[in-house]
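Read off the chains here:
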Amino acid sequence: MNFQLTAEQRSLQEAARRFANEQLSDLAKELETENKPVPEEWLRRYAELGFLGINVDTQYGGLGLGALEALLVIEEFAKISGAVAFPVFESCTGPVKAIEKFGSESLKQRLIPQVCRGELIIAISMSEAEAGSAVTDLRTRGRIEGDQVVLNGAKRWCSGGGHAGGYLVYCRLSDVPGAKGIGAIYVDLGTPGLTFGAQERLMGFRGVPSSDIYFDDVKIPLDQVVLPAGGFAKLMAAFDLERCGNATMSLAQAAAALEDITAYVQERHQFGRPLVEFQAVQLRLAEMKMKVEAARLLIHRAACNAEGDHPSILDSSLAKCFANEIAREVTGSAIQLMGGYGYSKENAMERRFRDAWGWGIAGGAIDIQKVNIASAMVGRRFDQRPPQ
């Protein structure tokens, strides 16, 4: 068991840190102020430096590295802001990896190189009005007619809705109830019958557009079925990697907050001496440091233990749940230590606090992760529905 990064991993991490720190701070402020996604010219810069598709196979334009390498880069970008990191998150731990794993070869060859070149963002579309945590209650329905699928229904809370160039849509592909009827289809932006609701106005996640999606007799070639009915378990296995990406986005908010507050308490004076001289501040710093380091270890363990590029549901749920919780705690403590300065929108700390709360909701709420953990501990799934 080795807790040290390799020389190559450290080099990649440092390159990501240097690029993020030197070039992305102003972009992060712009995305926060205007609530717009990363512009195309920046996506191309990401791609030129190899930051899109880090763990995607080289035959599709990726670097062919592992999940851990991808998470190292996501953390460095997300320490600047979740918005500037979001394209990296989507290309390395999001729907792109599900398409790479389960899509047809023609679909992979068409889509994934575009993502790695910074020409395409693919979003995931899973939640519905009556199917959030209860994801197997999906009602959006794909009906197979000859050589195409006709899709009807509506989706909620799609990060990238209206902006992304394509969508991996979880939907019902047979009349079989529950998980056995669920599969996934890829839908291109601009497909007739595909429309979007107004952009959501969220507490955080500014710079990550989100909207409802509507499907009205949307006709899709059969080649764009990524997984047929009965593929739900495989979709969830792919989603275990996205949990690690989510956990890393949370970790980054806490890690950046810790870095900034450590510098702040050494510079800020009260009662004639630096804040760091007060024992109460020292104790708070130590508590924050323990939480950040523990979260990072859980995430890295999940990535290193991954089989077939997918972490286990236990490892990924532990990492996500813990990182989600400590991100809220650490950013909150940082604001308290900074006082009015931390509460001001002129400082990045309040944005980190808002975003930290969002990651504990997105991708499976904290309490759902705890159900996953308990299920893995006792070796069986728990049905949350009342007896019929």
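For the structure, see preceding data.
Figured I'd write up the structure that's included with this text. Throughout this document, residue positions are counted from 1 along each chain, in the order its sequence is written. At least 70 in pLDDT is required for a residue's local features to be given in this predicted model, at least 80 for side-chain atom pairs to be given and counted, and no such filter applies to totals for whole chains, interfaces and linings, which use all residues. The side-chain quantities take in all heavy atoms of the structure and omit both hydrogens and water.

1. Looking at the nonpolar core
One finds Leu24, Tyr46, Phe77 and Ile261 to be the most contacted residues of the largest nonpolar core, which totals 88 residues. It is helix 8 (residues 232-267) that contributes the most residues to this core, 13 residues altogether. Not counting residues within four places of it along the chain, the set of residues in contact with Phe77 comprises Ala16, Phe19, Ala20, Leu24, Tyr46, Phe51, Val84, Ala85 and Val88. The term nonpolar core refers to a set of buried residues drawn from Ala, Val, Leu, Ile, Met, Phe, Trp, Tyr and Cys, joined through side-chain atoms within 4.5 Å. Burial status follows relative accessibility: with a 1.4 Å probe on protein chains alone, a residue under 20% of its type maximum counts as buried, one over 50% as exposed, and anything between as partly exposed. Of all hydrophobic cores here, the second largest spans 30 residues; its members include Cys116, Ile122, Tyr170 and Leu227. The helix and strand labels rest on DSSP assignments: H or I over at least four residues marks a helix, E over at least two residues marks a strand, and numbering proceeds from the N terminus. In this description, contact between two residues means that some pair of their heavy atoms is separated by no more than 4.5 Å.

2. Some thoughts on the pairing of strand 7 (residues 210-221)
When strand 3 (residues 148-159) meets strand 7, the two strands line up antiparallel, connected through 9 bridges. Paired with Leu151 across the strands is Val218, a residue of strand 7. Following DSSP output, two strands are said to pair if at least two bridges run between them. Looking at chain direction, strand 6 (residues 194-196) and strand 7 are connected through 3 bridges and run antiparallel. When the sheet's bridge partners are listed, Thr195 is paired in strand 7 with Tyr214.

3. Considerations on the packing of helix 1 (residues 7-23) against helix 4 (residues 67-80)
Geometry is summarised by axes, namely lines fitted to C-alpha atoms with helices restricted to the contacting stretch, and by angles between N-to-C directions that run from 0 to 180 degrees. Close contact between helix 1 and helix 4 brings their axes to 9 Å; oriented N to C, the two are set at 20 degrees. By the criterion of interaxial angle, the relationship of helix 1 to helix 4 is roughly parallel. The element helix 1 and its partner helix 4 pack so that their crossing is right-handed. Contacts between helix 1 and helix 4 involve Gln9, Leu12, Gln13, Ala16, Arg17, Phe19, Ala20 and Asn21 from the first element and Leu68, Glu69, Leu72, Val73, Glu76, Phe77 and Ile80 from the second. Tallied by class, the residues present in the contact of helix 1 with helix 4 amount to 9 nonpolar, 3 polar and 3 charged. Should an angle lie under 35 degrees it is considered roughly parallel, over 145 roughly antiparallel, and from 65 to 115 roughly perpendicular; all remaining angles are considered oblique. Each crossing gets its handedness from the near helix: less than a right angle anticlockwise from the far helix is left-handed, clockwise is right-handed. As a working rule, the residues Ala, Val, Leu, Ile, Met, Phe, Trp, Tyr, Cys and Pro are called nonpolar, Asp, Glu, Lys and Arg charged, and the rest polar, with Gly in that last group.

4. Some points on unusual backbone geometry
The backbone of Phe205 sits at a positive phi, close to 60 degrees, despite the residue not being glycine. Relative to the elements of secondary structure, Phe205 occurs in the loop between strand 6 and strand 7. Phi is positive for Phe271, close to 55 degrees, though the residue is something other than glycine. Checked against the element boundaries, Phe271 lands in the loop between strand 9 (269-270) and strand 10 (273-274).

5. Re empty space enclosed by the protein
Using a grid of 1 Å spacing that covers the protein atoms alone, one calls a set of points a cavity when a 1.4 Å probe fits there but cannot get out, and a pocket when the set is open and has protein on both sides within 12 Å along at least five of seven lines; lining residues are those with an atom within 4 Å of a point. Grid points are joined across faces, edges and corners, and a volume is the space filled by probe spheres set on the points. Counted according to the given criterion, the structure contains 4 cavities of 30 Å³ or more. Roughly 120 Å³ of volume is contained in the largest cavity. If one sorts the elements of the lining of the largest cavity by residue count, helix 5 (residues 82-93) sits on top with 4 residues. The class makeup of the residues in the lining of the largest cavity is 11 nonpolar, 4 polar and 1 charged.

Worth remembering: the numbers are spatial, not functional.
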